[in-house]
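One letter stands for each residue in the lines below.
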Amino acid sequence: MKIVAHALVKNEENWIWYSLMSVIDYVDEILVWDTGSTDKTVEIIKSIQNPKIKFREVLVNNSSDITKYRNEMLHNTEADWLMILDGDEIWPDDAIKKTINTIKASGNKYEFLISRYKDLIGDIYHYQEEKAGRYKIGNYFGHITIRAINMSSIPGLRFDLPYGKEGLFDINNIPIQDRIPQKSIVIEEPYLHATHLRRSNIQADLDTMQRTNKYKYELGLPMEKNFDYPKCFYFTGPSNPWKRRNLGYMLNAAWQTPLKLLKRRIFD
């Protein structure tokens, strides 16, 4: 089966190298389209000398343009399975291997795979509690999402709605997660999601659509001692993923965390 990844990015200089390197050995091709980065994202992508990466720069003026380009990427893809890869998502070996092996062994049985992820908070050594995850797919809740889609089994597959609300729909305008019967399986091995960490310099983050409220202060849960970090973290990349949160962060997180935990238990 041919598996192609799509990465539509902007100002992701801290994590884009690790994101791409974490999956590049497992997929057949990666379409990487930059939507107007002002940091080192483009330079970093171009530094990866691998023919699997198909790079392009596009101009985005509003949130609807994001959806437009996602559909254009779909139209430029000939594959059996599509993998969605954001610039702040890094896949440990066990997570990407389980995903790819499931597709190759029994992909014809499923329309999509549900992936679990750890929402990093403060640094790569801590993550948000599962109760902070608000996604629901079928009977599953929490930090879950759809990251692998069987392009050949869903008629009229397309993206719709503006950025922040966009999703994949079928020919009858039904979100793919609501198709009946639901043909999916959960990949229990989680990938890492760095959306709440610094993804670029402060100004570039401020200049990026819907990112001003993404960086969060929270103590979080410590990563399991036996957690197997992505092997690309051990390579020499353009940034240091092992940097720990500083005292200023800890002080801010110390008073904000109890309020956030209380809010989740009362209102969520």
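Preceding this section is the structure that the text describes.
Now for a look at the structure at hand. (Residues numbered from 1 in each chain as written. Predicted model: local features only at pLDDT ≥ 70, side-chain atom pairs only at ≥ 80, totals over all residues. Heavy atoms only, no water.)

1. What to know about unusual backbone geometry
For the bond running from I180 to P181, omega is -5°, close enough to zero to count as cis. With respect to the secondary-structure elements, P181 resides in the loop between β12 (167–169) and β13 (184–193). The phi dihedral of N11 is positive, around 50°, even though this residue is not glycine. Inspection of the secondary structure puts N11 in the loop between β1 (3–9) and α1 (16–23). On the basis of relative accessibility, which here comes to 0%, the residue N11 falls in the buried class. You will see that L161, though not glycine, has its phi angle at about 75°, which is positive. Note on placement: L161 falls in the loop between β11 (158–160) and β12. (Helix = DSSP H or I, 4+ residues; strand = E, 2+ residues; numbered from the N terminus. Buried < 20%, exposed > 50% of the residue type's maximum accessible area, 1.4 Å probe, protein only.)

2. Observations concerning a nonpolar patch on the surface
Taken together, the side chains of L247, M250 and L251 define a hydrophobic patch exposed on the protein surface, amounting to about 300 Å² of accessible area. Along the chain, M250 falls in helix α6 (residues 247–267). (Patch = residues over 30% accessible without salt bridge, like charges linked within 9 Å, V, L, I, M, F, W, Y side chains within 5 Å. Areas by Shrake-Rupley, 256 points an atom, 1.4 Å probe, with all protein chains shown as cover. Salt bridge = Lys/Arg side-chain N within 4 Å of Asp/Glu carboxyl O.)

3. A few points about the packing of aromatic side chains
Enumeration according to the criterion identifies 17 aromatic pairs in this entry. Judged by centre distance (6.3 Å) and plane angle (40°), the ring pair of Y125 and W242 falls under tilted. Placement of Y125 in strand β7 (residues 123–127) and of W242 in the loop between β14 (221–222) and α6 is noted, with a sequence separation of 117 residues between them. Judged by relative accessible area, which is 16%, Y125 ranks as buried. With a centroid separation of 5.1 Å and 85° between ring planes, the pair formed by F227 and Y229 is classed as edge-to-face. (Phe/Tyr/Trp six-rings, centres within 6.5 Å; stacked < 30°, edge-to-face > 60°.)

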